Amino acid sequence: MYVLYQGKKGIRRRTPAGRCKRKGNSMGQVTTIVSGPLQASIDSKGAELSSLQLNGKEYLWQADPHWWGRHAPVLFPIVGSIRNDQANSQQGPVKLGRHGIARNYDHTIVAHSDDSVTFELASNPETMERFPFNFKLNMTYSVDGQRLTQTFKVTNTGDVVLPYVLGGHPAFNVPTPAEQGADFSDYHLKFSKPWTYSSPTLLHEEGLWDFSRQMPLLQDSDTLNLTHRLFDVDTIVFQNVPDSTVRLEGPHGHGVQLDFPGFEWLGVWSAMNDAPFVAIEPWTGPATALDEDDEFEHKRGMAFLQPGESSEHSFTIMPF
């Protein structure tokens with residue numbers, strides 16, 4: 001079976017369904033991987049997931065700049081903000097904007113197949129000016145017919161200890177394709193069991209967490225109903241989600257499920273002005289909090305790698 005697609009020189013024939021496809025665009029080079037009914041596309045700019053389709057229906061937010069012009073940026077070596085975009089470290093000043101540097105660089109493809117692609121970003125003189133540590137970040141995306149697995153592999157290529165925090169930031173269309181006609185308020189987050197939880201408050205302008213101000217979200221319940229007003233405070237954050245799993249569900253039982261073992265934190269966000277999407281974000285650590293100092297290594301959730309060491313972190317997305 002051959003698939004027709006629109007290339008720069010008109011309609012062209014693609015090799016059998018499932019073959020890795022790449023095309024240029026204004027941002028980077030897009031690679032598409034396929035397994036059965038599930039198809040994902042990833043942009044080399046930021047190694048960012050840009051499409052996730054089940055049976056030809058798009059589940060991933062398509063970066064309408066009216067609300068938010070990204071899809072699912074890679075967050076590294078910080079999540080969110082550090083105070084005034086600056087911190088001290090054992091290697092000198094750290095100067096990082098929101099969510100770090102990985103999302104702003106073109107990543108090199110180092111391996112690909114029909115159902116998997118791996119990108120690589122290595123530290124360079126420009127990154128060292130902002131984050132004075134040597135590293136290699138490999139991002140692997142793979143599909144198995146039901147779910148997408150996104151894997152971060154961090155390697156310390158330097159001769160000092162590497163501190164870092166990382167996370168995903170996939171945003172999903174609401175309503176999801178199988179729930180057209182549903183309202184944003186018809187959706188909810190479903191957890192694996194009832195629990196009680198309050199979120200710290202994010203100071204929007206500073207991008208810092210205030211753990212002294214808690215917003216109750218759940219009281220012995222497994223369901224959080226969504227409204228646009230819930231995100232008037234910007235992002236809500238969960239810590240130690242039961243079984244490291246959550247489902248974004250519509251009124252007819254369709255949506256996406258994320259499983260994120262090893263990620264202690266989960267951010268949930270939607271943009272202002274009633275944006276038609278919800279971002280569900282597994283993090284190894286959150287943004288800087290008011291009760292933290294400005295030593296980079298002191299941040300909540302900080303991971304540390306010895307010279308030559310590597311560590312992997314994976315989460316999965318299953319549309320249904």
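It should be noted that the structure appears before, not after, this text.
Reference entry: report on the structure contained in this document. Please read these numbers as outputs of a predicted model, since none were measured by experiment.

About the thresholds
Residues numbered from 1 in each chain as written. Predicted model: local features only at pLDDT ≥ 70, side-chain atom pairs only at ≥ 80, totals over all residues. Heavy atoms only, no water. Core = buried A, V, L, I, M, F, W, Y, C linked by side-chain atoms within 4.5 Å. Buried < 20%, exposed > 50% of the residue type's maximum accessible area, 1.4 Å probe, protein only. Helix = DSSP H or I, 4+ residues; strand = E, 2+ residues; numbered from the N terminus. Contact = heavy atoms within 4.5 Å. Pairing = 2+ DSSP bridges. Axes fitted to C-alpha atoms, helices over the stretch in contact; angles between N-to-C directions. Lys, Arg positive; Asp, Glu negative; His and termini not counted. Salt bridge = Lys/Arg side-chain N within 4 Å of Asp/Glu carboxyl O. Polar contact = N/O pair within 3.5 Å; in protein donor to acceptor, adjacent residues only side chain to side chain.

1. Observations regarding the nonpolar core
The biggest cluster of nonpolar side chains holds 82 residues, and the ones touching the most others in it are Tyr141, Leu189, Phe238 and Leu248. Core analysis: the next-biggest nonpolar cluster, separate from the first, contains eight residues, Trp61, Trp269, Ala275 and Ala279 among them.

2. What to know about the environment of Pro261
Structurally, Pro261 is set in the loop between β20 (255-259) and β21 (265-269). Along the sequence, Pro261 and His99 sit 162 residues apart, while their C-alpha atoms lie 21 Å from each other. Apart from the residues lying within four places of it in its own chain, the contact partners of Pro261 are Ser244 and Ser314.

3. Concerning the sheet that holds β21
Read across the open sheet, the four strands follow the order β15-β22-β21-β18; overall the sheet is antiparallel. Of all strands in the sheet, those with a lone pairing partner are β15 (171-173) and β18 (236-239), marking the two edges. Recorded for the sheet is a direction-independent mean angle of 20° between the axes of neighbouring strands. As paired elements, β18 and β21 share four bridges and run antiparallel to each other. The partner of Phe238 across the bridge, within β21, is Leu266.

4. A few points about the sheet that holds strand β10 (residues 108-113)
As a general point, the strands of a sheet are linked pairwise by backbone hydrogen bonds and lie either parallel or antiparallel. Read from one edge to the other, the open sheet built from nine strands follows the order β10-β11-β12-β13-β24-β20-β19-β16-β17, with strand pairing classed as antiparallel. A strand with exactly one partner marks an edge of an open sheet, and here the two such strands are β10 and β17 (208-225). Neighbouring strand axes in the sheet, compared pairwise and without regard to direction, differ in orientation by 25° on average.

5. Considerations on the side chain of Asp234
By the secondary structure assignment, Asp234 is in the loop between β17 and β18. No salt bridge is formed by the buried Asp234. Its closest oppositely charged neighbour is Arg98, at 5.1 Å. Side-chain polar atoms of Asp234 contact the side chain of Thr235, separated by 2.7 Å. Among residues more than four places away in sequence, those in contact with Asp234 are Leu202, His204, Val268 and Trp269.

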